[in-house]
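Observations on chain architecture
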Amino acid sequence: NGANKTVKAWVKRAGIDKKITWHNARHSAGTNMILTGTDVVTASKLLGHTTLKHTQRYVDTARELKEAATSKLNINI
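Residues numbered from 1 in each chain as written. Predicted model: local features only at pLDDT ≥ 70, side-chain atom pairs only at ≥ 80, totals over all residues. Heavy atoms only, no water.

**Examining the overall build of the protein chain**
- Scanning the protein chain from terminus to terminus reveals four helices and zero strands.
- Traced from its N-terminal end to its C-terminal end, the protein chain shows the element sequence α-α-α-α.
- Radius of gyration (C-alpha) of the protein chain: 15 Å, far over the 11 Å computed for a compact globule of 77 residues.
- With respect to the three principal axes, the spread of C-alpha positions in the protein chain is 50 × 35 × 15 Å.
- Taking contacts inside the protein chain between residues at least 6 apart in sequence as the whole, the part at least 24 apart equals 33%.
- Averaged over its 13 positive side-chain charges, the protein chain has a centre that lies 11 Å from the centre of its 5 negative ones. (Helix = DSSP H or I, 4+ residues; strand = E, 2+ residues; numbered from the N terminus. Rg over C-alpha atoms; globule rule 2.2 N^0.38 Å. Contact = heavy atoms within 4.5 Å. Lys, Arg positive; Asp, Glu negative; His and termini not counted. Charge placed at Lys NZ, Arg CZ, Asp CG, Glu CD.)

Here it is as structure tokens:
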């Protein structure tokens, strides 16, 4: 509950008009770590995962985001 209060204060200070929970913030942090080049093992340890299987979801999300972004370029190679 205390963690959600902290996140709620951060969200308010950032001017975000959307409900963000601790879980949402944690998932965003994991995805952003992978998107910005943090290796999977380091991200896994920072997130406290017991196996890399748990961290793989962030790798999959990052891959999907990258594919969506590059598909918008409309370059025929």
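**What to know about the pattern of salt bridges**
- Inspection of every chain in the model, using the stated rule, returns one salt bridge.
- Here Asp60 ties to Arg63 by a salt bridge, and the two come within 3.2 Å at their closest N and O atoms. Placement of both Asp60 and Arg63 in helix α4 (residues 52–71) is noted, with a separation of three residues, approximately one turn of the helix.
- Among the residues examined, Asp60 registers a relative accessible area of 30% and is labelled partly exposed. (Salt bridge = Lys/Arg side-chain N within 4 Å of Asp/Glu carboxyl O. Buried < 20%, exposed > 50% of the residue type's maximum accessible area, 1.4 Å probe, protein only.)

**Some details on the environment of Leu47**
- Take Leu47: it is sitting in helix α3 (residues 40–47).
- Sequence-wise, Leu47 and Leu73 are 26 residues apart; in three dimensions their C-alpha atoms are separated by 33 Å.

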